[in-house]
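Chain by chain, the residues:
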Amino acid sequence: MAFAARIVPLALLAAAAISSSSSAQRWFPSPRTFAPGGAAVAVGDVDGDGDADVVFRVGANLVVRRNDGAAGFSPDAPIPLPAGEALDNDRPLLADVDGDGALDFVLAGANGLLLMLGDGAGGFPTSASVALGAAVTQLAGGDFNQDGRTDVVVSHGSNPMRVRWVWWDGVQFRNTNPASVPELLAASSLEAGDFDNDGRDDAVISSWSAGTFATVLTVGGVPTFGATFPVGQLGNDTIHVLAGDLEGDGDDDVLTVNADSNDVGVQPFVNTAGGLVP
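Right, let's walk through the structure included here.

### A look at the overall build of the protein
Inference 1: Helix and strand counts for the protein come out as 1 helix and 24 strands.
Inference 2: Residue burial in the protein is summarised as follows: out of 278 residues, 47% are buried.
Inference 3: Sequence-distant contacts in the protein: of pairs separated by 6 or more residues, those separated by 24 or more amount to 39%.
Inference 4: Accessible area for the protein stands at about 12200 Å²; split by element, carbon and sulfur atoms hold 53% of it.

In structure tokens form, the structure reads like this:
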């Protein structure tokens, strides 16, 4: 479930910062500063030792801080990013996108995606660029075609906003044609979850649009999105959307974080014989 997937990195980061014993909990004595100017931070086990590591971008370099399991993080040498890539600092993804068992680092760019492919030992020796012809405004990871690998769903542009996904077919990265979402303006957040309980992830995207603040796009015939289900207004100025099975019925629901109304909105979904019902 996508909601759990979003929580797990936070839990891993907490586990990196906290160690438990039978008598007490021990915290970091003070904050750790890894590098001035660091951005696009992601957390995951990049070297396969069971500890949560930290990966981030500093200028034209990718920086890895490997966790030693005792609250220490190695000062690994920076990894140069490919020259000429106009990258975004806010939307990284750390996931196994090529199915080799190692976590990869995905960055949004002005013309598509940059993928730094991990080797499972803390290194990212290979890069791949996926040209999409437009700037990526939001991205998230999910398995949209049931191949066991993490695909990347992205949004582009505004009025209308467009959504597509990128996947590894075993030889190369491929991408779908963009699906238009005319009821939404520019994306504020994007998440994956299985809303219709068919075993394939779908996408939910939020916006600041008046009246409709989030829309679920179910996966139709692979590799395309099928029907769209506007969630409606769950609050004012939705800045973030999450997906997770809040009811325990097997299909994901939508949770929004709303800035202007200063609240959280919840929209359960039920999968029936007639389709997805909010």
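### Some thoughts on the packing of aromatic side chains
Inference 1: Overall, the coordinates contain 3 aromatic pairs when judged by the stated rule.
Inference 2: The interplanar angle of 55° and the centroid separation of 6.3 Å between the aromatic rings of Trp 165 and Trp 167 together place this pair among those described as tilted. Across the pair, Trp 167 and Trp 165 agree in class, each one buried.
Inference 3: What links up through ring pairs into an aromatic cluster is the set Phe 144, Trp 165 and Trp 167.

### Here's the deal with the sheet that holds strand 7 (residues 93-95)
Inference 1: If you walk across this open sheet you meet the 4 strands as 7-8-9-10, and the pairing is antiparallel. The open sheet terminates on both sides in strands that have one partner only, identified here as strand 7 and strand 10 (126-131). Taking the axes of each pair of neighbouring strands and ignoring which way they run, one obtains an average angle of 20° across the sheet.
Inference 2: Where strand 8 (residues 104-108) meets strand 9 (residues 112-117), 4 bridges bridge the pair, whose relative direction is antiparallel.

### Quick look at the side chain of Asp 253
Inference 1: Mapped onto the fold, Asp 253 is located in strand 21 (residues 253-258).
Inference 2: Asp 253 sits in the buried class, given a relative accessible area of 1%.
Inference 3: Reaching out from Asp 253, the side chain makes a polar contact with the backbone nitrogen of Leu 246 at a distance of 2.9 Å.

### Examining the side chain of Ser 206
Inference 1: Note that Ser 206 resides in strand 17 (residues 202-207).
Inference 2: A polar contact of 2.8 Å, which involves the side chain of Ser 206, links it to the side chain of Ser 188.

### Examining a nonpolar patch on the surface
Inference 1: On the surface, Leu 246, Val 264 and Val 266 cluster together to form a nonpolar patch covering roughly 250 Å² of accessible area.
Inference 2: With respect to the helices and strands, the residue Leu 246 is situated in the loop between strand 20 (238-244) and strand 21.

Thresholds, definitions, all that
- Residues numbered from 1 in each chain as written.
- Predicted model: local features only at pLDDT ≥ 70, side-chain atom pairs only at ≥ 80, totals over all residues.
- Heavy atoms only, no water.
- Helix = DSSP H or I, 4+ residues; strand = E, 2+ residues; numbered from the N terminus.
- Buried < 20%, exposed > 50% of the residue type's maximum accessible area, 1.4 Å probe, protein only.
- Contact = heavy atoms within 4.5 Å.
- Areas by Shrake-Rupley, 256 points an atom, 1.4 Å probe, with all protein chains shown as cover.
- Phe/Tyr/Trp six-rings, centres within 6.5 Å; stacked < 30°, edge-to-face > 60°.
- Pairing = 2+ DSSP bridges.
- Axes fitted to C-alpha atoms, helices over the stretch in contact; angles between N-to-C directions.
- Polar contact = N/O pair within 3.5 Å; in protein donor to acceptor, adjacent residues only side chain to side chain.
- Patch = residues over 30% accessible without salt bridge, like charges linked within 9 Å, V, L, I, M, F, W, Y side chains within 5 Å.
- Salt bridge = Lys/Arg side-chain N within 4 Å of Asp/Glu carboxyl O.

Remember that the coordinates give geometry; whether it matters functionally is a separate question.
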